[in-house]
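One-letter residues, chain by chain:
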Amino acid sequence: MAKNDKDLNEDILSGGSISGSGKKDSASKKAASQAKRAKKLAEKRSALEKELQQLKSKRDVETSDAKKQELNKQIDAVRNKMDRLNGKKSGVSSNTARVIKGVVAAVVVVALLVTYVCTGAVRKGFVHSVLQWTTGITAATITDKDGDKIRIPVSTYNYYFANTYNNLMSTQQTYEQYGLDLAENNLDVDFDIPLSKQTTTNEDDEVVTWLEYLNEQVLEGIKTTYAYYNEAVAANGGEEPEITEEQQTQIDDTLSEYESNANTYGYTLSAYLVQAMGKGVTEEVFRRESKISYIAQNYQSEMSENVSETEYTDADFEEYRDANISDFEAVSVRIFEAGTEDDAVAFKDALRADGSNFSDLAVQYSDDTAFNSEYYAQDEATTKRYATRQVLQNGGYAIATAEEHTHEEGEEHSEDEELSYPGLDWLFSADRAAGDIYQYSTTVVYVLEPVSVPEAESANVRHILVAPETDDDSTDATSASAEQWSAAYEKAEDIVSQYESGERTEASFEALVADNTDDTGSASTGGLYESVAPGQMVDAFEAWSLDPARRAGDIDIVQTEYGYHIMYFVGGSGTPIWRVNAESAVASRDAESAADEIDSNYSISLNWFGRFYIEKDTDIDA
């Protein structure tokens, strides 16, 4: 059976099933993590905004040109800090843009987010028109590398506009759900005001209306989907490939549920879709475009599989490593991000030369919560093994931020601009030695192993996740009470006792997984994660797995923001960490090259006449 609207809303807003293992592959998990970081940085951002306002006020009343110039430099410096704190340029962030595009995503599911016409207010912007004949007019034209044309009718354009509109709405709802500031993430579009009356910044840093932005995304989505569809047909000898039975069932069940609701309120299925998604989006169009999208999606997946199956030699990976050596250099450190620079200085001053009190200080200088006091007591919570520059930058540590710099009046930030990272330069210097201590801004580090290209093996581990039962059923368990954490720990200890009283083998541990783990992502594989490398898992999970002292059969309980992980060390994977990173990088490079080649072979343009008949704006008076 097709899912009901409530379930589908939840699926879209959560990004699908949630794996509690710490694998960073869930939209909701990322959003929850972002929410936590956003709250922690709120005070810093507020202080910077206040400082910026004060500097502007001083500049506005200053009569000396020299002092005005100096104040402008200070203003620029504060803005640089705010840019780094926000982690993005102005305008829609690249991550948000990718979410909004959803190029060859499961558009059938996204389409189900439309508001039912039975509410008495047809979804904004999609008002039924008697001019259905206009939907056959060409809205846009795609041209391939041979000059062949693909005609996109108004009905197809409206179908994609509906999905792009819904994707934007659902993205906004996701950020709201996790308490993220919409303005800071450039998602502060108001759906009760015409999109043509509101502005944003597109990916070229141009100020455009939200309607213009959405139309850009619609054209890009159509072009990409049809490009992959066209390539799929060509690869299949000119015949349209079949979609899977599951995909066809999804389309049929979706439309069956729509038809049932439509009939309840006196609509035919096609009339219902026209009301919900725009002129011309009949059942036939919905079925056709859904199938095209699935074919495109399947071909894209086939391309990725083909790349992953490419046989590379050791020499290929070594050549890539040597050509990009700075991407593979790594350090092992104890690291802590304090709330203020004063706390970081105090932390560093109190840190013993041998680093033995690092965890105690982390507990002392962390936020006073039931989670933090226990979490930071673990050495694993503040340990980063074989971390590259990119891993530390992704972690949001102050030590991994660019040095403050100013621009001449009228000069803007550039993507090609060479930035300086003094904190990372210190950490990755050949002069470093084990035991070195450094404080940079709000970051404190203690060097365990200086820079090298790690030959240590990635790890194979199994785990059982025991998540505390929180009141809000959140996947981020940091909000759990001390009692809830205690109950979860008791359950974890009981599972360990079951293991200890049994055969104490990998097979006996695996047997305990299915009935005990809260990690749905690894339940069917006996809790197994292979080739664990830096940057893949949440910190404590990863640090435990990559500890060089780890031996096959080791078992332990590790706490993360998802709960307690009962860890079982299977052994080294046999593949060095640098090699795992190289394999991923080479595959990504080749996949991106293949995608870029397809993208460059196609172009799309809006038809001058057809543009008058496409869905143009939200209609709040409907």
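Computed from a predicted model, the values in this text were never measured in an experiment.

**Student:** Before we go on, may I ask you to explain the packing of helix H8 (residues 245-264) against helix H9 (residues 269-277) in this structure?
**Tutor:** For any two helices packed against each other, one specifies the inter-axial angle together with the distance between the axes. Between H8 and H9, the shortest axis-to-axis distance is 9 Å and the interhelical angle comes to 95 degrees. It follows from the interaxial angle that H8 and H9 lie roughly perpendicular. In this structure, H8 contributes Leu 255, Tyr 258, Glu 259, Asn 261 and Ala 262 to the contact, and H9 contributes Leu 269, Tyr 272 and Leu 273. For the contact of H8 with H9, the residue count by class is six nonpolar, one polar and one charged.

**Student:** Looking at this model, I keep getting lost on the sheet that holds strand E6 (residues 383-387). Mind explaining?
**Tutor:** Hydrogen bonds between backbone groups are what pair the strands of a sheet, and the pairing can be parallel or antiparallel. If you trace the four strands from one edge of the open sheet to the other, you get E6-E5-E8-E7, paired in antiparallel fashion. Here the strands that pair on one side only, and so sit at the sheet edges, are E6 and strand E7 (437-440). Neighbour-to-neighbour, the strand axes of this sheet turn through a mean angle of 30 degrees, independent of strand direction. Strand direction decides the pairing type here: E7 and strand E8 (residues 443-452), joined by four bridges, are antiparallel. By the bridge assignment, Gln 439 is partnered in E8 with Val 444.

**Student:** Looking at this model, I keep getting lost on helix H7 (residues 210-235). Mind explaining?
**Tutor:** Every α-helical turn comprises 3.6 residues, leaving residues that sit three or four positions apart pointing alike. End to end, H7 covers 37 Å across 26 residues, agreeing with the expected 38 Å (1.5 Å per residue, within 8%). For H7, a buried count of 19 out of 26 residues is recorded, marking the element as mostly surrounded by other parts of the structure. Of the residues trailing H7, Gly 237 is marked for its positive phi of about 70 degrees.

**Student:** Help me understand the environment of Ile 577, please; the structure alone is not making it clear to me.
**Tutor:** Tracing the backbone through its elements, the reader meets Ile 577 in helix H21 (residues 577-600). As a C-alpha pair, Ile 577 and Ala 456 span 121 residues in sequence and 6.0 Å in three-dimensional space. Setting aside chain neighbours within four positions, we find Ile 577 in contact with Tyr 386, Pro 454, Ala 456, Glu 457, Ser 458, Pro 534 and Leu 546.

**Student:** I'm lost on the side chain of Thr 442 in this one. Help?
**Tutor:** Relative to the assigned elements, Thr 442 resides in the loop between E7 and E8. The class of Thr 442 is buried, set by a relative accessible area of 7%. A polar atom in the side chain of Thr 442 sits 2.3 Å from the side chain of Glu 337.

**Student:** Help me understand empty space enclosed by the protein in this model?
**Tutor:** The gaps left among the atoms become clear once a water-sized probe is rolled over them. Scanning the model with the defined rule gives two cavities of 30 Å³ or more in all. Looking at the second largest cavity, its volume works out to about 30 Å³. Elements supplying a minimum of two residues to the lining of the second largest cavity: strand E5 (330-337) and E8. Tallied by class, residues from the lining of the second largest cavity come to five nonpolar, two polar and one charged.

**Student:** Explain the packing of helix H11 (residues 314-323) against H21 to me, please; I cannot follow it from the model alone.
**Tutor:** The interhelical angle for the contact between H11 and H21, taken along N-to-C directions, is 90 degrees, at an axis separation of 9 Å. Taken together, H11 and H21 sit at an angle that is classed as roughly perpendicular. Between H11 and H21, the residues in contact are Asp 314, Phe 317, Glu 318, Tyr 320 and Arg 321 and Trp 578, Arg 579, Ala 582, Glu 583, Ala 585, Val 586 and Arg 589, respectively. Its residues assigned to classes, the contact of H11 with H21 shows six nonpolar, no polar and six charged.

**Student:** Got a minute to help me understand the pairing of strand E9 (residues 457-466) in this structure?
**Tutor:** Taken residue by residue, a regular strand's side chains alternate between the two faces of the sheet. Burial analysis of E9 places nine of its 10 residues in the buried class, the great majority of the element. With nine bridges joining them, E9 and strand E12 (residues 563-576) adopt antiparallel strand pairing. Of the residues in E12, the one forming a bridge with Leu 465 is His 565. As defined by bridge partners, E9 adjoins strand E10 (residues 528-532) across three bridges and the pair is classed as antiparallel. Note on E10: the bridge partner recorded for Ala 459 is Val 532.

**Student:** Can you help me understand the pattern of salt bridges in this one?
**Tutor:** Between side chains of opposite charge, a pair can form as their charged atoms come close. The final tally for this structure, using the stated rule, is 19 salt bridges. A salt bridge links Asp 322 to Arg 321, with the shortest nitrogen-to-oxygen separation between them at 3.0 Å. One salt bridge in this structure joins Asp 554 and Arg 550, with 3.5 Å as the shortest N-O distance. Judged by its relative accessible area of 24%, Asp 554 falls in the partly exposed class. Of the residues examined, Arg 550 reaches a relative accessible area of 14% and is grouped as buried. Where salt bridges share partners, they join Arg 385, Asp 547, Arg 550 and Asp 554 into one cluster.

**Student:** Teacher, can you tell me more about the pairing of strand E2 (residues 149-153) here?
**Tutor:** Relative to E2, strand E1 (residues 138-143) is paired through five bridges, and the arrangement is antiparallel. When the bridges of E2 are listed, Thr 138 appears paired with Pro 153.

**Student:** Is there a simple way to explain helix H6 (residues 154-177) in this structure?
**Tutor:** Compared with an ideal rise of 1.5 Å per residue, which puts 24 residues at 34 Å, H6 spans 34 Å between its outermost C-alpha atoms and is within 8% of the ideal. One or two residues past the end of H6 sits Gly 179, with phi positive at roughly 75 degrees.

**Student:** Just to check I follow, could you spell out a negative patch on the surface for this structure?
**Tutor:** On the surface, a cluster of negative charge is contributed by Asp 204, Glu 206, Glu 212 and Glu 216. Position of Asp 204 among the secondary structure elements: in the loop between strand E3 (199-201) and strand E4 (207-209).

**Student:** Help me out: how do you make sense of the nonpolar core in this one?
**Tutor:** In summary, soluble globular proteins display a tendency toward joint burial of nonpolar side chains. One finds Tyr 157, Leu 214, Ile 222 and Tyr 226 to be the most contacted residues of the largest nonpolar core, which totals 58 residues. Mapped onto this core, the elements with two or more residues apiece are E1, E2, H6, H7, H8, H9 and helix H10 (283-308). Looking at this core element by element, the count peaks at 13 residues for H7. Excluding residues within four positions of it along the chain, Tyr 157 makes contact with Ala 139, Ile 152, Asn 215, Val 218, Leu 219, Ile 222, Leu 606 and Ile 614. In terms of nonpolar packing, the next biggest core, distinct from the first, is built from 50 residues, Tyr 386, Tyr 529, Trp 544 and Ile 566 among them.

**Student:** Is there a simple way to explain a nonpolar patch on the surface in this structure?
**Tutor:** On the surface, a nonpolar cluster with roughly 360 Å² of combined accessible area is contributed by Trp 608, Phe 609 and Phe 612. Here Phe 609 shows up in the segment after strand E13 (603-606).

**Student:** What's the story with the environment of Ala 296 in this structure? I'm lost.
**Tutor:** You can see Ala 296 is positioned in helix H10. Through-space distance from the C-alpha of Ala 296 to that of Ala 232 is 6.9 Å; in sequence the pair is 64 residues apart.

**Student:** Is there a simple way to explain the packing of aromatic side chains in this structure?
**Tutor:** For any pair of aromatic rings, the description rests on two quantities: the centre-to-centre distance and the angle between the ring planes. The final tally for this structure, using the stated rule, is 26 aromatic pairs. A connected cluster of aromatic rings, assembled from ring pairs, spans Phe 336, Phe 347, Phe 358, Tyr 365, Phe 371, Tyr 375, Tyr 376, Trp 485, Tyr 489 and Tyr 564. Residue placement shows Arg 321 over the ring face of Trp 578; its charged tip is 4.4 Å from the ring centre. Cation over ring: Arg 432 sits above Trp 426, and NZ or CZ is 3.9 Å from the ring centre.

Reading guide: rules and limits
Residues numbered from 1 in each chain as written. Predicted model: local features only at pLDDT ≥ 70, side-chain atom pairs only at ≥ 80, totals over all residues. Heavy atoms only, no water. Axes fitted to C-alpha atoms, helices over the stretch in contact; angles between N-to-C directions. Helix = DSSP H or I, 4+ residues; strand = E, 2+ residues; numbered from the N terminus. Parallel < 35°, antiparallel > 145°, perpendicular 65-115°, else oblique. Contact = heavy atoms within 4.5 Å. Nonpolar A, V, L, I, M, F, W, Y, C, P; charged D, E, K, R; others polar. Pairing = 2+ DSSP bridges. Expected span 1.5 Å × (residues − 1). Buried < 20%, exposed > 50% of the residue type's maximum accessible area, 1.4 Å probe, protein only. Polar contact = N/O pair within 3.5 Å; in protein donor to acceptor, adjacent residues only side chain to side chain. 1 Å grid on protein atoms, 1.4 Å probe; cavity = no way out; pocket = protein on both sides within 12 Å on 5 of 7 lines; lining within 4 Å. Points joined across faces, edges and corners; volume = space filled by probe spheres on them. Salt bridge = Lys/Arg side-chain N within 4 Å of Asp/Glu carboxyl O. Patch = residues over 30% accessible without salt bridge, like charges linked within 9 Å, V, L, I, M, F, W, Y side chains within 5 Å. Areas by Shrake-Rupley, 256 points an atom, 1.4 Å probe, with all protein chains shown as cover. Lys, Arg positive; Asp, Glu negative; His and termini not counted. Charge placed at Lys NZ, Arg CZ, Asp CG, Glu CD. Core = buried A, V, L, I, M, F, W, Y, C linked by side-chain atoms within 4.5 Å. Phe/Tyr/Trp six-rings, centres within 6.5 Å; stacked < 30°, edge-to-face > 60°. Lys NZ or Arg CZ within 6 Å of the ring centre and 35° of its normal.

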